[in-house]
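Architecture at a glance
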Amino acid sequence: MQFMLLFSRQGKLRLQKWYVPLSDTQKKKISREVIQIVLARKPKMCSFLEWRDLKIVYKRYASLYFCCAVEDQENELITLEIIHRYVELLDKYFGSVCELDIIFNFEKAYYILDEFILGGEAQETSKKNVLKAIEQADMLQEEAETPRSVLEEIGLT
Amino acid sequence: MRMPAPIRLRELIRTIRTARTQAEEREMIQKECAAIRSSFREEDNTYRCRNVAKLLYMHMLGYPAHFGQLECLKLIASQKFTDKRIGYLGAMLLLDERQDVHLLMTNCIKNDLNHSTQYVQGLALCTLGCMGSSEMCRDLAGEVEKLLKTSNSYLRKKAALCAVHVIRKVPELMEMFLPATKNLLSEKNHGVLHTSVVLLTEMCERSPDMLSHFRKLVPQLVRILKNLIMSGYSPEHDVSGISDPFLQVRILRLLRILGKGDDDSSEAMNDILAQVATNTETSKNVGNAILYETVLTIMDIKSESGLRVLAINILGRFLLNNDKNIRYVALTSLLKTVQTDHNAVQRHRSTIVDCLKDLDVSIKRRAMELSFALVNGNNIRGMMKELLYFLDSCDPDFKADCASGIFLAAEKYAPSKRWHIDTIMRVLTTAGSYVRDDSVPNLIQLITNSVEMHAYTVQRLYKALLDDISQQPLVQVASWCIGEYGDLLVSGQCEEEEPIQVSEDEVLDVLEGLLVSNLSTPVTRGYSLTAIMKLSTRFSSLNRIKKVVSIYGSSIDVELQQRAVEYNALFKKYDHMRPALLERMPIMEKTATNGPSETVQTNGETDSTILDTKHLPSISQPASQANDLLDLLGGNDVVPIIQTTVPTKPASAGGELLDLLGDLSLTGGPTPTPASSVPMSQPPFLLDGLTSQPLFNDIAAVIPPMTAYNKNGLIIEFTFERSNPNPNIAVITIHATNSTEADMTEFVFQAAVPKTFQLQLLSPSSNVVPAFNQGSVTQVIRVLNPQKVRCYCEPRTHSASYRSRSSEISPFVLKHLQKSDECLSGAKLNIAKLKLRAASH
């Protein structure tokens, strides 16, 4: 996988994960282009389209488009399964995930993605294991948060 | 006094979302950015994490966030896990390997790779494996390799993918990971298995040595795959009843790479492939994903024919699937296999043709490509019906490709000439404006070759013109045909269908209409003017034609004007040549390479090609010289001139003038007239006949042999060939025979060429030309004329025995002459002042 984009039906980017080195300008340009192309697709069309020398695999879940750009030799059908798996993970984590969850907790969405996919390839095929790792990491985060006294909060110490 | 705590991330998000306009949002962002900047300046550790998180949100909205890059690094260096989490995320989003800043991460990552907490190690591995630059990879490869050997499966699986990234960035490092791969596949953990297979795949794809090395893993891979299929329900890895489809697909892909080209490996996996192909549940996408990968593997390895048929049948079933995604991948795969398994794919032809009517653009395109691949002599009629129907209704994007495909197929498999012409007509009338430019000359060539269909063709084209003159390729082909076969049109000779009654004036009306119409492009106008001109020898309405031609002599369009002027000249000065010039074109030979860039095309390429810059470069030259007049009509048209000239014997002094290479594009003729006879005794057109040799002064495909010299018993003949690898090289073989009583000894053939030429003289067979034609001397000359300049040849012979008999004999010389009247009208051919006429670009 070269990149994954999540965007709304209005074309607003909700998540962008790049597995190839590109400048910010390039990323912006590519995102704009791909979003435009995907949004232009009609419902009856298949989930794959050719773009430059890549294949775009996309699927819409409620108000969000999940879009992956894969290389020519990749299996498009299994890529759809990868997308679906990611949605399932989000769903399990947030409990019936919706776009707002991803907007307000975008960093968590990234953490989950990074536990599922590394360098563009799936690193863990068990849903349970991914969620367990996230859970543990979240706990670590909570423990690490040193309790702050009230005085600290108002700036008196 | 300390600043109030920066607002929390969620609060910021909420606030920004309340903005009703872009401007309002921008204002909020700018305010917050300012706050964040000052917070950064204060080196506030407590809230750095929160601020960077907010910055990342704003970055996602499209606002610049580069001032946060260093802060990310500080977060990574922090001891708090929360900080590291955000820091690494920020690094992945904001930093890129192009900036040196990213290298500052290297040390932190190194430390974190050795951290006591596996989740920190995981963050480091993830970041390195996602965006590590080559330098970072070089520095940290050792750490990754270490982690690849750990027993901690959480880390091991990440290390494997990190290694993949390292290898992609720095391929030379691949070797160092080899030892660690030894027992990767013995792992039970699916995550490790999956990433290990990915790593092995990457290594095998990059190195043939690795590939051979890893072939021994085939049995193990087959076992793992078998276990996945046979084992019962495993809740952890189950997807719709299939156990770990991701792993299955990856294993199948690796097997494909290992089995390709290797009989033993292919055999070892034969059974498992058959098993997967037959047992996999196909009701959901996930099952089909596995089947798809299986099919790809079967087709790529050396599988038994039974297995291959099974694979193609799976694809055939895919084509009938309701799911358009499945249909799409089926068509893609079939396209890949149609060459190798043609017959098997043919069985699914009707389903494929049905896909032409699919709503999805990608499916339609694939179906079209596949349809063309499946057309053969048996199904041409049926297939063409479907394809023509498709052409009618498809998107404009497709029409050009479809039209080209139809032409190609028609040419290969046309069951009859009439069918062929009809098909062409159909394409031109339905998609005439989408037809590619190079189709026009190709079609014209096709039409000339169907001699018995000329009347029918011109009639149909004429009728099409009456309906619609907007589609330029159609109009061009039609004009050309009317120009050529107008006589057949008015004489009502059509056999194939009811001949129409049309008068000369009506035809001229149509052609003149094209000239004035706004719809006609300049190229089209050129075609029609030339067509009108040609009709001057086929019709009797000479005056009308003359009038038209003279009107366009002052046309604003330079091309048109030039043509008109020259045609005018044809009427006035060279009227005696006109019939011969405008004679019917002979059948054109199609050369092997007939692409648009091929300049050495058929003889007598149509005049219209002059405007087509894809053809001979010399054509695009705005030839202003009057003697290009005859060039315009194409080489073949010049043939009659030469045929009517009387070959005169070369004069003695001064030598003859042979238009050596120019002559060669003609389909043969006797010895060209020498220039020495030019001045007074011959009518002027002979002179022009020599100078205005066809535009194709590079040697045509077929060059007839010629007698270059025939004097005093010595005959030298040239035979020509085009050098095989480089068609710009002419290979001339000379044969010298001697019919006199005495041997000609010390026979030496010399040749000299102007600077732009290159000449290579190979050794002659002998120096003695035996008497009484008892033998011959042969010698090969290779001439390269890269600038495609006209070349004239002046023969002079030198021979020992001759020296005693005649006085003026001098070496054979290939000279180049300036194409100007002054040089040719005088017989002063010894003048060495020769200029190159660059007839090409």
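All of these numbers come straight from a predicted model, not from anything done at the bench. (Residues numbered from 1 in each chain as written. Chains lettered and ligands numbered in written order. Predicted model: local features only at pLDDT ≥ 70, side-chain atom pairs only at ≥ 80, totals over all residues. Heavy atoms only, no water.)

1. Points about the overall build of chain A
The helix and strand tally for chain A stands at six helices and seven strands. In sequence order, the secondary structure elements of chain A are arranged as β-β-α-β-β-β-α-α-α-β-β-α-α. Residues classed as buried in chain A amount to 60% of the 157 residues present. In chain A, 46% of the contacts between residues at least 6 apart in sequence involve partners at least 24 apart. (Helix = DSSP H or I, 4+ residues; strand = E, 2+ residues; numbered from the N terminus. Buried < 20%, exposed > 50% of the residue type's maximum accessible area, 1.4 Å probe, protein only. Contact = heavy atoms within 4.5 Å.)

2. Description of the side chain of Asp 96 of chain B
Mapped onto the secondary structure, Asp 96 of chain B falls in the loop between helix H5 (81–94) and helix H6 (105–113). When sequence neighbours within four positions are dropped, the list of residues in contact with Asp 96 of chain B reads Leu 22 and Ser 23 of chain A together with His 102 of chain B.

3. Some points on the sheet that holds strand S3 (residues 706–711) of chain B
Residue and element names in this part refer to chain B. Ordered by their spatial adjacency, five strands build an open sheet running S3-S4-S5-S7-S6, and the pairing between neighbours is antiparallel. Edge positions in the open sheet fall to S3 and strand S6 (758–761), since each of these has one partner strand only. Adjacent strand axes in the sheet meet at a mean angle of 20 degrees, parallel and antiparallel pairs treated alike. Examined bridge by bridge, strand S5 (residues 729–738) and strand S7 (residues 776–784) share nine bridges and lie antiparallel to one another. Along S7, the bridge assignment pairs Thr 737 with Ser 776. (Pairing = 2+ DSSP bridges. Axes fitted to C-alpha atoms, helices over the stretch in contact; angles between N-to-C directions.)

4. A closer look at the interface of chain B and chain A
Contacts between the two partners involve 70 residues from chain B, matched on the other side by 67 residues from chain A. Carbon and sulfur atoms supply 54% of the area that chain B and chain A bury against each other, a total of about 6200 Å² over both sides. Considering only the surface of chain B that becomes buried against chain A, Met 60, Arg 85 and Phe 246 of chain B emerge as the three largest contributors, covering 13% of it. At the boundary of chain B with chain A, the tally comes to ten salt bridges. A salt bridge links Arg 253 of chain B to Glu 74 of chain A; the nearest nitrogen and oxygen atoms lie 3.4 Å apart. Run the count over chain B and chain A and you get 27 residue pairs in polar contact (both at pLDDT 80 or more). Partitioned by chemical class, the residues of the side of chain B that touches chain A number 32 nonpolar, 15 polar and 23 charged. (Buried area = accessible area lost by both parts, 1.4 Å probe. Salt bridge = Lys/Arg side-chain N within 4 Å of Asp/Glu carboxyl O. Polar contact = N/O pair within 3.5 Å; in protein donor to acceptor, adjacent residues only side chain to side chain. Nonpolar A, V, L, I, M, F, W, Y, C, P; charged D, E, K, R; others polar.)

5. Comments concerning the packing of aromatic side chains
All names here are of chain A. Enumeration over the complete set of coordinates arrives at 13 aromatic pairs over all chains. On the numbers, 6.4 Å between centres and 85 degrees between planes, the contact of Phe 3 with Trp 51 is edge-to-face. A residue pair is termed long-range when its members are at least 10 positions apart, and Phe 3 in strand S1 (residues 3–8) and Trp 51 in strand S3 (residues 48–51) qualify at 48 residues. As far as burial versus exposure is concerned, Phe 3 and Trp 51 are alike and both buried. Ring centres 5.5 Å apart and planes at 80 degrees place the aromatic pair Tyr 61 and Phe 66 in the edge-to-face group. (Phe/Tyr/Trp six-rings, centres within 6.5 Å; stacked < 30°, edge-to-face > 60°.)

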